[in-house]
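# Structure assessment
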Amino acid sequence: MDQFDLEDDLSENEKVAEIYHELEKALNSQHEAVKAAEEEGTEEGMGENSDETETAHSAEHVNIEEEAMYIRDGNLLWPRVEFKDREKIPRTRISFVPADRFNHYGWHHLLNTYVPFGCDLSKMQLLSLQGIDFLWFLTYVDASENLLRTHTLGQLVHLRGLIALKVDNNQLDNIMLPHTLTELMYLDVAYNAIEKIPARELPNLLTLRLDANKIKKITNLTKRYFPKLKFLSMSINQISSLRFPWSNNLVYLYLGYNNIRSLEGLDGLYKLRVLHLRGNLIMSINHLTTDLICLEYLNLRDNKIADLRCIEYLTRFEYLSELIVTGNPFTLHPVTRSTYKAIIIKWLPQLTRLNKQDISEGMRAEAEHPDVFGGEEADEFLGRSIDFGEGGEELDSDDASVVMPPAEKEKTKTERPKQTSKVGFNK
């Protein structure tokens, strides 16, 4: 949402006053009640206990549960509680929101005035979101880097128009969002302690970030609960298997730094364009389904792939334009470390970038050199079967012929066997 530019009509102070005018008006009755209570408290404080009263008002455990919010100097706050007194201690409710933490101003047709649609509540030591219902008109909330727990998400129930929510770097162990947040399109719950994804429908969610949690098994990320999900990031978890039904509208999938050994289970992701699998335990890519007909980017960096010939399997993905394989054993082997790039370029002419480097015409010319596969030592190395199955066992030479390089096929006169696996390797 574009921020409205009001500088031609209003000065900065006038703008703030205009934004909060209707809000202050809506709380007029509560404000008057609080004002009367303050005046009464001031008169009582003129006596000998005035110092004790002032100290109580600024203490950590100020009882403000029954007091209404009011507006002063363009800031939302509760009476008697100054930001300077509470900015460094955990707060059980939102007691102060400085004006500069509001953003994305726009015209609200119900309030008939300009309001901020965005609010930054990050790094405020919040234990709770109690009081945020006063800001029911917000569409973007950033409550990251606080002390929030799972039950506090229920306090967003009145923010029915919420589109984007950031609650990363908190203490959440689940995603128990209110059923009223049906308009939510962006959700960031990274760097928490979430162990599983609940069966909760988010019909308009496009982006979900679940990085750095404690997820071991992927559940409920199906079309039923996330029919429009396009971007999913679950890096730095404990995921070991990909075998479960996915929301088939995914375009971007980030699963780096997990415990994934096999790529079996990504069936049905016909729209997937980006697959990020860096830092896993993958030994072979021969189980990668050919359903990924739109795949353009594949990151296999820092895995356990020892057999260079596995890479030839990627000829099935005609739109694959960028591949990253650094950090795998075959890139460090003395026989192939200086030639593997040329070999990959020869096998995958559709690539435009390899290991984050543009493929030049010189690199393509090198790949066409007759000795690109090396001498007898390289022939012996590429002729050996060091391909591994899902459990890490070494396959025999017949299985290895599925990924035999062109030079070896010609030399051994071996025809590629027809693949009958359920993943469907035939092309």
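Small disclaimer: the values here were computed from a predicted structure and weren't measured.

## Description of the overall build of the protein
In terms of helices and strands, the protein carries 10 helices and 16 strands. The buried share of the protein, reckoned over its 427 residues, is 48%. The long-range share in the protein, meaning contacts at least 24 apart out of those at least 6 apart in sequence, stands at 41%. A total of about 21,300 Å² of accessible surface is found on the protein, and carbon and sulfur atoms cover 48% of it.

## Here we look at the nonpolar core
One finds Leu-121, Trp-246, Ile-311, Leu-323 and Ile-344 to be the most contacted residues of the largest nonpolar core, which totals 91 residues. When contributions to this core are tallied by element, the ones reaching two or more residues are strand 4 (102-108), strand 5 (113-120), helix 6 (340-347) and helix 7 (361-367). Ranked by residue count, the leading element in this core is helix 6, at 6 residues. Here Trp-246 is in contact with Ile-218, Leu-221, Thr-222, Lys-223, Leu-232, Leu-253, Leu-255, Gly-265, Leu-266 and Leu-269, once residues within four sequence places are set aside.

## Here's the deal with the packing of aromatic side chains
In this structure the tally under the stated criterion is 7 aromatic pairs. Both rings, one in Trp-136 and one in Phe-137, keep their centres 5.8 Å apart while their planes meet at 75 degrees; by these two values the pair is edge-to-face. By relative accessible area, which is 34% here, Trp-136 ends up partly exposed. Accessibility expressed as a relative area gives 3% for Phe-137, which makes it buried.

## Describing the pattern of salt bridges
Inspection of every chain in the model, using the stated rule, returns 11 salt bridges. Among the ionic pairs, Asp-120 bridges to Arg-101, the shortest N-O distance being 3.6 Å. Of this pair, Asp-120 sits in strand 5 while Arg-101 sits in the loop between strand 3 (96-97) and strand 4, placing them 19 residues apart in sequence. Its relative accessible area of 25% is what places Asp-120 among the partly exposed residues. For Arg-273, the salt bridge goes to Glu-296, with nearest N and O atoms at 3.5 Å. Of this pair, Arg-273 sits in the loop between strand 11 (252-254) and strand 12 (274-276) while Glu-296 sits in the loop between strand 12 and strand 13 (297-299); the two residues are 23 residues apart in sequence, bridging distant segments of the chain. On the basis of relative accessibility, which here comes to 34%, the residue Arg-273 falls in the partly exposed class. Each of the salt bridges in this network shares a partner with another, and the network as a whole consists of Lys-166, Asp-168 and Asp-188.

## Quick look at empty space enclosed by the protein
Counted by the stated rule, this structure contains 3 cavities of 30 Å³ or more. Taken as a whole, the largest cavity holds about 70 Å³ of empty space. Taken together, Ile-175, Leu-177, Leu-187, Ile-197, Pro-198, Arg-200, Leu-202, Leu-208 and Phe-226 make up the full set of residues lining the largest cavity.

## Quick look at a nonpolar patch on the surface
A surface patch of nonpolar side chains, about 300 Å² in accessible area, is lined by Tyr-191, Ile-236 and Tyr-257. In this structure, Ile-236 sits in the loop between strand 10 (231-233) and strand 11.

## With respect to the side chain of Asn-146
You can see Asn-146 is positioned in the loop between strand 6 (140-142) and strand 7 (164-166). The class for Asn-146 is buried, based on a relative accessible area of 5%. One polar contact links the side chain of Asn-146 to the main-chain amide nitrogen of Gln-125, over a distance of 3.0 Å. Separated by 3.0 Å, the side chain of Asn-146 and the backbone nitrogen of Leu-126 make a polar contact. Residues contacting Asn-146, with those up to four places away along its chain left out, are Leu-121, Ser-122, Lys-123, Met-124, Gln-125, Leu-126, Asn-169 and Asn-170.

## Looking at the side chain of Asn-213
Relative to the helices and strands, Asn-213 is located in the loop between strand 9 (207-209) and strand 10. In this structure the side chain of Asn-213 is engaged in a polar contact, spanning 3.2 Å, whose partner is the backbone oxygen of Val-189. Residues in contact with Asn-213, not counting those within four places in the same chain, are Val-189, Ala-190, Tyr-191, Asn-192, Ala-193, Ile-194, Ile-236 and Asn-237.

## Considering unusual backbone geometry
One non-glycine residue, Lys-123, lies in positive phi territory at about 55 degrees. Following the sequence through the fold, Lys-123 ends up in the loop between strand 5 and strand 6. In this structure Lys-123 comes out as exposed when scored by relative accessible area, which is 55%. One non-glycine residue, Tyr-257, adopts positive backbone phi at about 55 degrees.

Conventions we followed
- Going along each chain's sequence as written, the residues are numbered from 1 onward.
- Local features are withheld for residues below a pLDDT of 70 in this predicted model, meaning they are given only at 70 or higher, and side-chain atom pairs are given and counted only at 80 or more; totals for whole chains, interfaces and linings count all residues.
- The side-chain figures draw on all heavy atoms in the structure; neither hydrogens nor water molecules are used.
- Every helix listed is a DSSP run of H or I at least four residues long, and every strand listed is a run of E at least two residues long, numbered separately from the N terminus.
- Throughout, exposure labels follow a simple rule: accessible area from a 1.4 Å probe, protein chains only, divided by the maximum for the residue type, with under 20% read as buried, over 50% as exposed, and the rest as partly exposed.
- Contact between two residues is taken to exist if any of their heavy atoms lie within 4.5 Å; hydrogens are not considered.
- Accessible surface is estimated by sampling points in the Shrake-Rupley manner with a 1.4 Å probe; for residues, cover comes only from the protein chains shown.
- For this analysis, a nonpolar core means a set of buried residues of the types Ala, Val, Leu, Ile, Met, Phe, Trp, Tyr and Cys, connected via side-chain atoms within 4.5 Å.
- Any two of the Phe, Tyr and Trp rings considered here, Trp counted by its six-membered ring, make a pair once their centres fall within 6.5 Å; the pair's planes then place it as stacked at under 30 degrees, edge-to-face at over 60, or tilted in between.
- Salt bridge, as applied in this entry: a Lys or Arg side-chain nitrogen positioned within 4 Å of an Asp or Glu carboxyl oxygen.
- Only protein atoms enter the 1 Å grid, on which a cavity is a set of points fitting a 1.4 Å probe that cannot get out and a pocket is an open set with protein on both sides within 12 Å along at least 5 of 7 lines, lining residues being those with an atom within 4 Å of a point.
- Grid points are joined across faces, edges and corners, and a volume is the space filled by probe spheres set on the points.
- Exposure above 30% relative accessible area and the lack of any salt bridge qualify a residue for a patch; like charges then connect within 9 Å, and the nonpolar side chains Val, Leu, Ile, Met, Phe, Trp and Tyr within 5 Å.
- Polar contacts, as used here, are pairs of N or O atoms within 3.5 Å; protein pairs need one atom able to donate a hydrogen and one able to accept it. Residues neighboring in sequence count only if both atoms are side-chain atoms.

It is worth stressing that arrangement in space is one thing and function is another; only the former is reported here.
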